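So you can see what is in the structure, the chains are spelled out below.
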Amino acid sequence: MPEASQIDYNGLIPNNVGLAEDLRVRKALETWHPGYIDWWKSMGPEGFQNSPVYLRTAVGVGSEGWAKFGFVRMPEYRWGILLAPQVEGRTIPFGAHKGEPAWQEVPGEYRAMLRRLLVIQGDTEPASVEQQRHLGATAPSLYDMRNLFQVNVEEGRHLWAMVYLLQKYFGRDGREEAGELLRRRSGDQDSPRMLGAFNEQTPDWLSFFMFTFFTDRDGKMQLAALAQSGFDPLSRTCRFMLTEEAHHMFVGETGVARVIQRTAEAMKAAGIDDPYDIERVRALGVIDLPTIQKKANLHFSLTLDLFGNEISTNAANAFNAGLKGRYREDKLTDDHQLTSSVYPVLRLRDGTIVNEDVPALSALNMRLRDDYVEDAATGVGRWNRVLERAGMAFRMILPHVAFNRRIGEFSAIHTDTDGNILSSEAWHARRESMLPSTDDNLFIASLMRTSRQPGSYAGWIAPPRQGIDNMPGDFEYVRISD
Amino acid sequence: MIDFQTDPTRYRHWKLSFDGPIATLTMDVDPAGGLMDGYELKLNSYDLGVDIELADAVQRLRFEHPEVKTVVLKSGKENVFCAGANIRMLGKASHGHKVNFCKFTNETRLSIEDASENSGQTYLAAISGSAAGGGYELAVTADHIMLIDDRRSSVSLPELPLLAVLPGTGGLTRLTDKRRVRRDLADVFCTTEEGVRGKRAVQWRLVDEVVPPSAWEAKVNERALELAARSDRDGTKGIALIQVQRTISDDAINYAHVRVALDRAARVATITILGPSDLPADLRGIHDTGAAFWPLAMARELDDALLHLRSNEPSIGLIVFRSVGDPAQVLGADSLLEQYQTDWLVREIRLLLKRVLKRVDMTARSLITLIDPGSCFAGTLAELVFAADRAVMFAGSAAGDNRGPATLHLSALNFSAFPMGNGLSRLANRFYGEPDSLNTAAALIGETLDAEAAEEHGLITFAYDETDWDDEVRLILEERASFSPDALTGLEANLRFVGPETMETRIFGRLTAWQNWIFQRPNAVGETGSLKRYGSGVRPDFDPERV
């Protein structure tokens, strides 16, 4: 095995997994590679495939080597296979096999369960690239355009990471699944992506920021749970992916914050105090705060559906098998087996929402979701500090977890954003005050005009506080004319 | 008490809709609608209550909707067709309940196949979402299986890898015998928890075709119409299956034509069939009489009584069949059924009688038929003589009884209308080793047979005269009640079905025997077994010893 912190860039596929010596996997990946490039060209970012973009590429998995910046045309990006360094003597951290040496090969009895986890995770990676492929045309700045493409190429690399595991450890089935990952298409009626939120449209930039803030954060939680896995190659893969995922959170959080900041500034300049004076705010060419809240409500509720059912046998099995842990399992101080503990879960009982203690193993989806909500709330707090600094009384909130759900027990009811149960009539009457209406979406769409002068920004979004890689404000992140 | 009667106004789990020759039977299980407490029927999983509604719907489609030639089975839920029997229900249920549940669901699935095969009412399964375990087993009862190819929907039999049990409603047998799936591929299929989807499902013959979502509804409709075009079903106006009336008291259940008397101390239920008294004259009369026509009414009542006894009276070990009435009237009913057998309704009545008599064969109780003076075991009712483990007949008359001696009568229906699960008539099954006796019996159609003749021709087990009758009958019942109920169930199930195996006998015999064994073993039901551990996330501990 080569030195794990350095990457072999000599072959077609940059890697730190000794691909040059692993003929079987190299052959599989090289067979898969042309299909991937075809997919990228036909389903990746539209219109900018030949433009050099100032992108970050990993050249090492150590703390310093993973972020090297330079201009690259996206189809020539060095998508590689990078695993965090192996930890000597690592043991399975939780579940029935706790304390046994971590698996370096797939245990036969868990093969199907593991493969399913990988395929579901893998399917989300290309899906978001597909969802975002038209956004380049309406980028509010070259800075934002570059961030979009950075997110896209890294989602592409995450796909690579999952495909490597499938091809390395799952034989023919794994190769077939790897092929299927390139054949499904977000939003396609005949061949959709596996999870609902990944078949929704990302029609505008506010949606993109909300998606990266809310939905990529689900990805972060899932990766964090898989990073604990007793299957060591999966753990190492996910640990490295998490370093990249952090940038996606950054894009989403700062993106929304800049939209909020711009709106607050414009309202102040125009002397508007009432955030609900929507027509006057919109006349300023910025997005009114209630509409930003409605977008957040939508993306938050769609993302909660990704956590699955309140009580889940699959999650219990995956934990007990040692395949998927809890968020920051290594920081938790219980018995890491959960066979006799309980966890409180919000449930629907006889038409009311109640808190109920259920066996902790069955409640793992909800535990991860609670961690997610807490993590998201921290980001929302930072948005509110922008409002606070601007002297606005308006505050962004996270809606109740029962709001607007399609999966799980709350899909049977309607609630408002505080979790009060609504009749069907009340829901329809109030829906557009809580979720974006067609008018709201049309208004946002009307603002989506691109701004491509280096250093210039569309009027509905504030410039960032600093540039990527500490570049100056007028840096040309995407050389469109080349 | 588990009640097997329902009607569409009371359904909680199924929806029926009609469009000309096509009916759609949509499974949309209410999670909160379980028959018992302690489990939720998630993901279109089912319990006995869901299946009771299904059986009712299948029956009503046959009698109430002669215009329906294709029944489309589909799911009302997104992403799941049917997840099979509810596992938490199975984990909590008593062994007896599990066996009764599996038996009833098997009978219901066979009734679906009976409709496709014999009634010109063909089932089409339109699978969108996953059809897992009992969900796939439900789908394979259909003649044509369509699977939506959305790269997610799949078919699977995950019982073994997921639950350490077997598919309990004929899944294994139908894979090899009906779908003709190669046995090694069937092995792969049955050990792959996530199942098979898309083109491979067609290549392995697990489904008949896969259809992309954009073409799905149109294609399902097109296939349904094609199947309808093949049908010989020609009725236009159905008959209403009005609710079977009964009164239940502590020691009796009384219907219009069937009386059940319970002697719990002796563990005996006596089922007395009352023969017909007022038959219609012709086909028109049969249709006008509808559900009150004696063969149909009696069959539905007997069916309900059997189901009631199976589920609600587990300690009753013996069923004694008796009858009261005029044999000539029963033969009159038989000749109506024979004369008008090409009519759709008469065909349905014959098929229902066939299924109810199969239910008798499949009932795990000792069956003793007593033929005494005043009885009417003729034609169709004589099937209860041949279905019984023993039939005894009163010879001669009792002193002071002016009813005349007991008689037995055969009709053409005994030879053709009511095949058992093994494909043989009960007489052919009885005379499996004596073909000459079968031929002789055929020559006795229409004859009045007294006890001596019946015994001579092997149509009864023993004949007893007044001197012996009371004592011999008492001894048979008392001796029977003293034997091990388990051993008797096994003995009777072996001896009732002779000769050839069919898919149906394999489903009941081979599969349920194995399944019922597995259901008793610690690997499934022990404290650390698969059914107890299911859903807890904790793996079952298996005893590695192979038996």
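Residues numbered from 1 in each chain as written. Chains lettered and ligands numbered in written order. Predicted model: local features only at pLDDT ≥ 70, side-chain atom pairs only at ≥ 80, totals over all residues. Heavy atoms only, no water.

**A few points about a negative patch on the surface**
1) Next: Together, Asp 450, Glu 452, Glu 455 and Glu 456 of chain B make up a region of like negative charge exposed at the surface.
2) Next: For Glu 452 of chain B, the location among the structural elements is in helix H18 (residues 451-456). (Patch = residues over 30% accessible without salt bridge, like charges linked within 9 Å, V, L, I, M, F, W, Y side chains within 5 Å. Areas by Shrake-Rupley, 256 points an atom, 1.4 Å probe, with all protein chains shown as cover. Salt bridge = Lys/Arg side-chain N within 4 Å of Asp/Glu carboxyl O. Lys, Arg positive; Asp, Glu negative; His and termini not counted. Charge placed at Lys NZ, Arg CZ, Asp CG, Glu CD. Helix = DSSP H or I, 4+ residues; strand = E, 2+ residues; numbered from the N terminus.)

**Here's the deal with the domain arrangement of chain B**
All names here are of chain B.
1) Next: Partitioning chain B into domains gives domain 1 (8-229) and domain 2 (247-488).
2) Next: Counting residues at the interface gives 14 residues for domain 1 and 16 residues for domain 2.
3) Next: Taking both partners together, domain 1 and domain 2 bury about 1,400 Å²; carbon and sulfur atoms supply 49% of that area.
4) Next: When residues of domain 1 are sorted by the area they lose upon contact with domain 2, Phe 63, Lys 103 and Glu 107 head the list and together hold 38% of the total.
5) Next: The closest approach of N and O atoms between Arg 310 and Glu 107, which form a salt bridge, is 2.8 Å.
6) Next: At the surface where domain 1 touches domain 2, the tally comes to 11 residue pairs in polar contact (both at pLDDT 80 or more). (Domains from an automatic or database assignment. Contact = heavy atoms within 4.5 Å. Buried area = accessible area lost by both parts, 1.4 Å probe. Polar contact = N/O pair within 3.5 Å; in protein donor to acceptor, adjacent residues only side chain to side chain.)

**Observations regarding the interface of chain A and chain B**
1) Next: Of the residues lining the interface, 27 residues belong to chain A; the matching set on chain B comes to 20 residues.
2) Next: Where chain A touches chain B, the interface holds 8 salt bridges.
3) Next: Measuring nitrogen to oxygen at the nearest pair gives 3.4 Å for the salt bridge that ties Glu 177 of chain A to Arg 197 of chain B.
4) Next: When residues of the side of chain A that touches chain B are traced back to their parent elements, those giving at least two are helix H2 (111-131), helix H4 (171-183) and helix H9 (313-320) of chain A.
5) Next: If one sorts the elements of the side of chain A that touches chain B by residue count, H4 of chain A sits on top with 5 residues.
6) Next: For the side of chain A that touches chain B, the per-class residue count stands at 7 nonpolar, 8 polar and 12 charged. (Nonpolar A, V, L, I, M, F, W, Y, C, P; charged D, E, K, R; others polar.)

**Side note on the pattern of salt bridges**
1) Next: Under the counting rule described, the total for this entry stands at 85 salt bridges over all chains.
2) Next: Note that Lys 168 of chain A is salt-bridged to Asp 22 of chain A, the shortest N-O span being 2.8 Å. Of the two residues, Lys 168 of chain A sits in helix H3 (residues 142-169) while Asp 22 of chain A sits in the segment before helix H1 (23-43), which places them 146 residues apart along the sequence.
3) Next: Assessed through its relative accessible area of 23%, Lys 168 of chain A is described here as partly exposed.
4) Next: According to the relative accessible area criterion, Asp 22 of chain A is buried, its value standing at 15%.
5) Next: The partner of Asp 114 of chain B in a salt bridge is Arg 62 of chain B, and the shortest N-O contact between them spans 2.9 Å. Taken together, the positions of Asp 114 of chain B in helix H3 (residues 95-118) and Arg 62 of chain B in helix H1 (residues 48-64) put the pair 52 residues apart, joining distant regions of the chain. (Buried < 20%, exposed > 50% of the residue type's maximum accessible area, 1.4 Å probe, protein only.)

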